[in-house]
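# Observations on the three-dimensional arrangement
One-letter residues, chain by chain:
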Amino acid sequence: ENGIDAWLRYAALPCEIRKAASVPAGIVALNNTETSPVYTAGQELHKGILGILQNDLAVTSTPINGSSITIGTVDAFNSAGGALPELDLKNDGFWLGIKGDSVQIVGQNERGALYGTFQYLSMLAQGNFTEVGYESNPSAPIRWVNQWDNMDDTGTHGSIERGYAGPSIFFAEGLIVEDLTRVSQYARLMASIGLNGIIVNNVNANVNLLNSTNMAGLGRIADAMRPWGVRMGISLNFDSPRTLGKLTTADPLDEGVIQWWDRIAKQLHDHVPDFAGVLVKANSESQPGPLTYNRTLADGANLFARAIKPHGDGIVMFRAFVYDNTINETNWKADRANAAVDFFRELDGKFDDNVVVQIKYGPIDFQVREPVSPLFGHLQQTGSVVELQVTQEYLGQQCHLVYLPPLWKTILNFDMKVDNQPSLVRDIVSGERFNQKLAGYAAVVNVGTNTSWLGSHLAMSNFYAYGRLAWEPTSDDVSILEDWTRLTFGSDRTIIDTITKMSMESWPAHENYTGNLGIQSLTDITGPHYGPKPQSQDGNGWGQWTRADATSIGMDRTVWNGTGYSGQYAPEVAALFEDIETTPDDLLLWFHHVPYTQQLKSGKTVIQHFYDAHYAGAAVAQTFPKQWEALKGLIDAERYDEVAFRLEYQAGHALVWRDAINDFYFNMSSIKDEQGRVGNHSWRIEAEDMELDGYTVIAVDPFETASGFH
Ligand code: BDP
């Protein structure tokens with residue numbers, strides 16, 4: 001198996017289990033228009049039941065005699081005369097009723113009917129034939145993915161920024177690809193986990209997407225995804241009126257610029273009548289934006305909001321990721337973590353009602369551990385969308401197993417205590433806490449043409465779980481994982497236990513062998529964001545600093561003595577982080593600058609914790625290949641081998657991480673490891689101790705990974 005069907009394989013259940021199913025006589029999809037998600041649902045059900053139960057059921061669009069699975073909207077059921085229970089469905093929600101061989105799948109809208117169908121198929125595929133009758137509603141209206149796909153130039157395949165699974169499924173040679181098979185397969189995966197929107201191109205947007213050939217191409221992409229209930233939107237480049245439109249300015253208040261965007265919005269709507277909206281990265285990392293023209297970020301967002309408003313219910317997702325990546329480190333008070341609140345605090349209430357602000361989960365950038373972005377507590381009159389990352393940019397780039405939901409849940413369950421009221425992030429992004437109509441979830445996914453979608457079979461649990469959590473953020477991360485495992489690899493207990501154990505150990509292990517105590521991912525900040533490079537942390541313009549020196553480490557972000565960042569939280573939360581005694585150990589170095597000998601709550605010193613944690617984390621990664629061996633023969637050889645290869649690599653790379661980081665801080669602090677491990681590589685056979693024939697000595701970067709440190 002090559003992974004192309006991900007968790008939608010519909011593998012046949014063993015015969016003895018199949019026998020327990022009461023199979024309905026046929027499928028009724030109450031809409032026979034081929035572009036309708038209800039029609040899609042009927043076809044999918046046919047395919048699923050054929051695979052799982054080996055029954056070839058006919059699909060019709062009119063009620064049949066005898067038992068059936070009937071799929072439709074509430075309205076369609078009512079007009080077909082079907083008896084329904086009292087329902088209170090939200091947009092996209094569904095009712096699933098299974099009684100004997102009669103199944104009702106009722107969507108509040110067509111998309112909801114498709115989601116209910118996937119839910120039913122997921123039960124069948126797991127051999128779960130329970131009789132049920134329940135409603136399910138999504139936690140939030142916006143449940144999108146972001147792709148960071150580039151258009152690239154003629155002659156090249158569409159590369160993907162921070163994508164690790166080959167070139168784009170959308171773009172090649174500066175155009176939209178002809179064959180959109182993979183695009184509709186992607187939409188199918190999205191629909192199966194309740195995702196309803198996609199931004200197809202990189203936030204660092206190429207203006208050529210707006211030329212007339214590509215606009216037509218966008219129409220084709222939207223057509224391919226529509227039957228799956230997935231709406232398409234795009235990222236825009238703020239300077240397009242100048243660079244593409246040849247105007248002299250991109251000032252959001254300039255009449256010519258306004259008209260130019262109005263025209264573009266109309267053309268987009270002509271090609272994509274259900275256009276989902278635009279994502280805007282402005283005044284960030286050298287991207288242009290309204291501040292360039294002395295206008296506010298709200299002026300910039302509203303420019304697009306007004307252009308698309310006349311053409312339907314599309315929205316503007318304006319990113320809060322606004323900062324200057326040439327921050328001067330000599331300014332002791334400069335702190336990139338402050339940027340989002342500094343820029344947006346005064347703008348609450350200034351955005352049009354079709355704008356939402358898309359906020360990365362932490363104030364820096366998808367690090368292995370960050371506190372929740374304080375901006376979630378500041379926007380009360382504008383909806384917030386939390387931006388997560390499925391693509392493991394800073395977390396091993398799919399070469400390391402890191403199951404992310406436990407990290408995401410620390411964010412979603414965090415209580416911002418705004419105005420002394422319970423204010424969980426998940427209730428803010430559901431729209432409930434501040435009574436917002438528009439709010440929700442976006443994840444950078446970055447699938448590519450590789451048949452495994454993400455370049456790693458196990459990484460797909462993160463994609464699956466993302467959809468499940470956006471639908472219901474209180475879902476248990478272990479049971480989501482177990483569902484995914486059963487659907488992806490089968491129901492054998494050893495498979496489920498092994499994958500669950502490894503996955504649940506993976507984020508803590510990764511944090512331990514990379515960057516712990518809130519010091520962030522000590523990776524190569526200046527480029528690939530891969531592998532250890534602690535020496536790149538300070539002295540860079542990105543503001544990802546550790547302030548490490550010979551005696552002490554950590555960013556002082558307190559109000560009383562540091563950059564003032566902790567004061568961006570509501571008073572109760574701010575007080576917690578302001579005080580070193582109440583700051584949790586895992587964020588200590590995020591908020592405080594302390595001597596290496598500072599004692600943690602565990603009783604250990606900071607430096608000894610570093611040493612021990614790096615050993616402990618790497619030791620866990622060492623067990624992964626062995627744990628995986630238990631699956632040999634229980635799953636297909638192709639996926640077994642591909643996963644084994646990556647786990648073996650991870651086990652080795654975890655050692656590289658461990659030794660690079662420990663040696664680096666040992667060299668810097670000169671404090672010995674109590675257990676005598678760090679800096680002692682007597683067990684290693686160094687290159688210089690060998691007789692080498694035909695080799696030349698080269699400088700290795702990072703230097704600590706080299707034999708003998710050079
Ligand atoms: C950083 C990525 C960069 C993105 C940027 C963003 O390294 O490639 O363009 O975020 O989110 O994490 O805009």
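Residues numbered from 1 in each chain as written. Predicted model: local features only at pLDDT ≥ 70, side-chain atom pairs only at ≥ 80, totals over all residues. Heavy atoms only, no water.

The helix and strand tally for the protein stands at 19 helices and 18 strands. Counting only C-alpha atoms and orienting by the principal axes, one finds that the protein spans roughly 80 × 70 × 60 Å. Across the 710 residues in the protein, those meeting the buried criterion constitute 60%. Of the contacts formed within the protein by residues at least 6 apart in sequence, a portion of 72% connects residues at least 24 apart. On the protein, roughly 26,600 Å² of surface is accessible, and the fraction owed to carbon and sulfur atoms is 51%. Positive and negative side-chain charges of the protein, numbering 51 and 85 respectively, have mean locations separated by a distance of 2 Å. (Helix = DSSP H or I, 4+ residues; strand = E, 2+ residues; numbered from the N terminus. Buried < 20%, exposed > 50% of the residue type's maximum accessible area, 1.4 Å probe, protein only. Contact = heavy atoms within 4.5 Å. Areas by Shrake-Rupley, 256 points an atom, 1.4 Å probe, with all protein chains shown as cover. Lys, Arg positive; Asp, Glu negative; His and termini not counted. Charge placed at Lys NZ, Arg CZ, Asp CG, Glu CD.)

Looking now at the packing of aromatic side chains. By the definition in use, this model includes 28 aromatic pairs. An aromatic cluster of at least three residues, connected via ring pairs, comprises Trp7, Phe170, Phe171, Tyr186, Trp453, Phe463 and Tyr464. The side chain of Arg336 reaches across the aromatic face of Tyr323, ending 3.9 Å from its centre. (Phe/Tyr/Trp six-rings, centres within 6.5 Å; stacked < 30°, edge-to-face > 60°. Lys NZ or Arg CZ within 6 Å of the ring centre and 35° of its normal.)

A word on the sheet that holds strand β12 (residues 277–280). One closed barrel accounts for eight strands, arranged β7-β10-β11-β12-β13-β14-β15-β16; its pairing is parallel. Along the sheet, successive strands turn relative to each other by an average axial angle of 25 degrees, direction set aside. Where strand β14 (residues 355–360) lies against strand β15 (residues 383–389), five bridges are found, and the strand directions are parallel. Pairing of Val357 across the sheet is with Ser384, part of β15. (Pairing = 2+ DSSP bridges. Axes fitted to C-alpha atoms, helices over the stretch in contact; angles between N-to-C directions.)

Around the ligand there are 14 residues in total, and Glu161, Arg319, Lys360, Asp365 and Glu393 lie nearest to it. The separation between an oxygen atom of the ligand and a polar side-chain atom of Glu161 is 2.4 Å. A distance of 2.7 Å separates an oxygen atom of the ligand from a polar atom in the side chain of Lys281. Taken by itself the ligand offers 320 Å² of open surface, and the protein chains cover 97% of this. Of the residues belonging to the shell around the ligand, the class tally is four nonpolar, two polar and eight charged. (Near = heavy atom within 4 Å. Polar contact = N/O pair within 3.5 Å; in protein donor to acceptor, adjacent residues only side chain to side chain. Nonpolar A, V, L, I, M, F, W, Y, C, P; charged D, E, K, R; others polar.)

In space, the six strands of this open sheet follow the order β2-β1-β3-β5-β4-β6, with mixed pairing throughout. The open sheet has two free edges, formed respectively by β2 (59–60) and β6 (133–136), since each of these has just one partner strand. One ladder, built from four bridges, connects strand β4 (residues 94–99) with β6; its direction is antiparallel. Looking across to β6, one finds that Leu96 is bridged to Tyr134. Here helix α4 (residues 110–125) sits on the sheet and contacts β3 (68–73), β4, β5 (102–107) and β6; the angle it forms with β4, its principal contact strand, is near 40 degrees.

Within a regular strand, side chains alternate between the sheet's two faces. Burial analysis of strand β7 (residues 142–146) places five of its five residues in the buried class, the great majority of the element. Where β7 lies against strand β16 (residues 440–444), five bridges are found, and the strand directions are parallel. Its bridge partner lying in β16, Trp144 is registered against Ala442. Relative to strand β10 (residues 197–199), β7 runs parallel, the two being bridged by three bridges. In the strand pairing of β10, Asn146 is matched with Ile199.

Turning our attention to the pattern of salt bridges. In a structure, side chains of opposite charge can pair up when their charged atoms sit close to one another. Tallying each qualifying case throughout the model produces 38 salt bridges. Measuring nitrogen to oxygen at the nearest pair gives 2.7 Å for the salt bridge that ties Arg306 to Asp352. With Arg306 in helix α9 (residues 297–308) and Asp352 in the loop between α10 (339–344) and β14, this residue pair connects regions lying 46 residues apart in the sequence. Taking relative accessible area as the criterion, Arg306 reaches 53% and is therefore assigned exposed. (Salt bridge = Lys/Arg side-chain N within 4 Å of Asp/Glu carboxyl O.)

Quick look at a nonpolar patch on the surface now. There is a patch of nonpolar side chains on the surface, built from Ile685, Met690, Leu692 and Tyr695 and spanning about 480 Å² of accessible area. Within the secondary structure layout, Ile685 lies in the segment after α19 (637–669). Residue classification places Ile685 among the exposed positions, given a relative accessible area of 68%. (Patch = residues over 30% accessible without salt bridge, like charges linked within 9 Å, V, L, I, M, F, W, Y side chains within 5 Å.)

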